[in-house]
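# Chains, contacts and geometry: an overview
As a plain string of letters, each chain reads:
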Amino acid sequence: MASFSTSTLLLQIILVISLFHFSLAGRRLTELVQDQPALPLQYHKGPLLSGKISINLIWYGNFKPSQRAIVSDFFNSLYSSSKTHQNQLPSVSSWWKTTEKYYHLISTSSKKPTSLSLRLGKQILDENYSLGKSLTSKQIVRLAARGEQSNAINVVLTASDVTVEGFCSSRCGTHGSSYSSLKKGQVKSNKFAYIWVGNSETQCPGQCAWPFHQPIYGPQSAPLIAPNNDVGLDGMVINLASLLAGTATNPFGNGYFQGPADAPLEVASACPGVYGKGAYPGYAGDLLVDSSTGASYNANGANGRKYLLPALFDPSTSSCSTLV
């Protein structure tokens, strides 16, 4: 993702903050390569997600089963036990190991083991657009609350015909947290983490599905072929990956980040536009190419899937780390 003009950079830091939840924007619009942060991401002493966490998917609107499989296979790839997957490097699970380094840092400093284990949980379908086709940020949180609110990350995915407050104009997705509803006999409400990503296929692919669509501004180059032959969904995976890494390392706004808390650079957003070595504005980097389809990718996943995943800021090298 690449460096913008001054006005575009200002757009990048716009956040939508609800009175009822704390919201962090992840990948916003089409990002071009910008300078990497000079210092490691600072730890702000807040809790990270730990233990066994379920990822629940809330599908809002019309998604084909084949589209849902692209996303669910991505999450199943994070800790795949498949020997086939493990032997096909680079893999989604090897990409995720960079986030684990942040947990090791906490474990070393506190001398208390801290780790995160993710698994795909429930999938909730709302194909009838129960809240309409134009959603506010508060409604996104309402949808996220339909998932489990304990030991979970609830992921809301909105279809290509759903407009969301701020979508395309200032952001491609968001992660944040909200307070769970009190159950009978419960005195204190807990926070749960959530992610929202929209399908930009028909609304703003040049902003939120780059490099699988030509950008609407900045250096122009031919778009890459999407590895799962779906520009909208392959773009969603890029945004989901960025936001998932941010959720793991900064779930409640006081974890690992650099800069102001209301516009933080996180583990993925600190490395915009970088997917492979040699990336520069308008060029995603030197990627792998599928010989049969011509699709560009940098990670192998479960069930023979291929994905394009963003670079992550590696705390051990203080640089953006790519798979290829």
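Structural notes, computed from the coordinates. The shown structure was predicted, so the numbers you read here are calculated from the model rather than taken from an experiment. (Residues numbered from 1 in each chain as written. Predicted model: local features only at pLDDT ≥ 70, side-chain atom pairs only at ≥ 80, totals over all residues. Heavy atoms only, no water.)

## Comments concerning the packing of helix 4 (residues 92–110) against helix 7 (residues 231–249)
Running from N to C, helix 4 and helix 7 point in directions that differ by 15°, and their axes come no closer than 10 Å. Accordingly, the angle class assigned to the pair helix 4 and helix 7 is roughly parallel. Here helix 4 and helix 7 pass one another in a crossing that is right-handed. Residue-level contacts link Trp95, Trp96, Thr99, Tyr102 and Tyr103 of helix 4 to Ala241, Leu244, Ala245, Ala248 and Thr249 of helix 7. (Axes fitted to C-alpha atoms, helices over the stretch in contact; angles between N-to-C directions. Helix = DSSP H or I, 4+ residues; strand = E, 2+ residues; numbered from the N terminus. Parallel < 35°, antiparallel > 145°, perpendicular 65-115°, else oblique. Left-handed = near helix turned anticlockwise from the far one by under 90°. Contact = heavy atoms within 4.5 Å.)

## Here we look at the pattern of salt bridges
Overall, the coordinates contain 6 salt bridges when judged by the stated rule. Lysine 101 is the salt-bridge partner of aspartate 314, the closest N and O atoms lying 2.7 Å from each other. With a gap of 213 residues between them, aspartate 314 in strand 15 (residues 312–314) and lysine 101 in helix 4 connect regions that are remote in the sequence. Residue lysine 101 is classed as partly exposed on the basis of its relative accessible area, which comes to 29%. (Salt bridge = Lys/Arg side-chain N within 4 Å of Asp/Glu carboxyl O. Buried < 20%, exposed > 50% of the residue type's maximum accessible area, 1.4 Å probe, protein only.)

## A few points about the packing of helix 2 (residues 65–77) against helix 7
The packing of two helices is summarised by the inter-axis angle and the distance between the axes. Two numbers describe how helix 2 lies on helix 7: the axes approach to 10 Å, and their chain directions differ by 30°. The orientation of helix 2 relative to helix 7 falls into the category roughly parallel. Between helix 2 and helix 7 the crossing geometry is right-handed. Within the contact between the two elements, helix 2 uses Gln67, Ile70, Val71, Phe74 and Phe75 and helix 7 uses Leu233, Val237, Leu240, Ala241 and Leu244. Among the residues making up the contact of helix 2 with helix 7, the classes are represented as 9 nonpolar, 1 polar and no charged. (Nonpolar A, V, L, I, M, F, W, Y, C, P; charged D, E, K, R; others polar.)

## Description of the state of the cysteines
The full count for this structure, using the stated rule, is 3 disulfides. The residue that forms a disulfide with cysteine 168 is cysteine 204, at a sulfur-sulfur distance of 2.0 Å. Disulfide cysteine 168-cysteine 204: torsion about the S-S bond near -70°, hence left-handed. Within this pair, whereas cysteine 168 is found in the loop between strand 7 (163–164) and strand 8 (173–179), its partner cysteine 204 is found in the loop between strand 9 (191–198) and helix 6 (205–208), the two being separated by 36 residues in sequence. Taken individually, cysteine 168 and cysteine 204 each receive the classification buried, so the pair is uniform in this respect. Covalently, cysteine 172 is tied to cysteine 208 through a disulfide, its sulfur atoms 2.1 Å apart. On the sign convention where negative means left-handed, the S-S torsion of about -85° between cysteine 172 and cysteine 208 marks this disulfide as left-handed. With cysteine 172 in the loop between strand 7 and strand 8 and cysteine 208 in helix 6, this pair connects stretches of sequence that are 36 residues apart. This pair shows no difference in class: cysteine 172 is buried, exactly as cysteine 208 is. (Disulfide = S-S within 2.5 Å.)

## Some words on the packing of aromatic side chains
All chains considered together, the criterion is met by 11 aromatic pairs. Taken together, a centroid distance of 5.7 Å and an interplanar angle of 70° make the contact between phenylalanine 74 and tyrosine 307 edge-to-face. Here tyrosine 307 lies in strand 14 (residues 306–307) and phenylalanine 74 lies in helix 2, a separation of 233 residues in the sequence. The pair phenylalanine 74 / tyrosine 307 is uniform in exposure class, with both members buried. In textbook terms, an aromatic cluster arises when at least three aromatic residues are bridged by ring pairs, as seen for Phe74, Phe75, Trp95, Trp96 and Tyr307. Directly above the aromatic system of tyrosine 129 lies the positively charged group of lysine 133, at a separation of 4.6 Å from the ring centroid. Taking the ring centre of tyrosine 297 as reference, the NZ or CZ of lysine 306 above it sits at 5.3 Å. (Phe/Tyr/Trp six-rings, centres within 6.5 Å; stacked < 30°, edge-to-face > 60°. Lys NZ or Arg CZ within 6 Å of the ring centre and 35° of its normal.)

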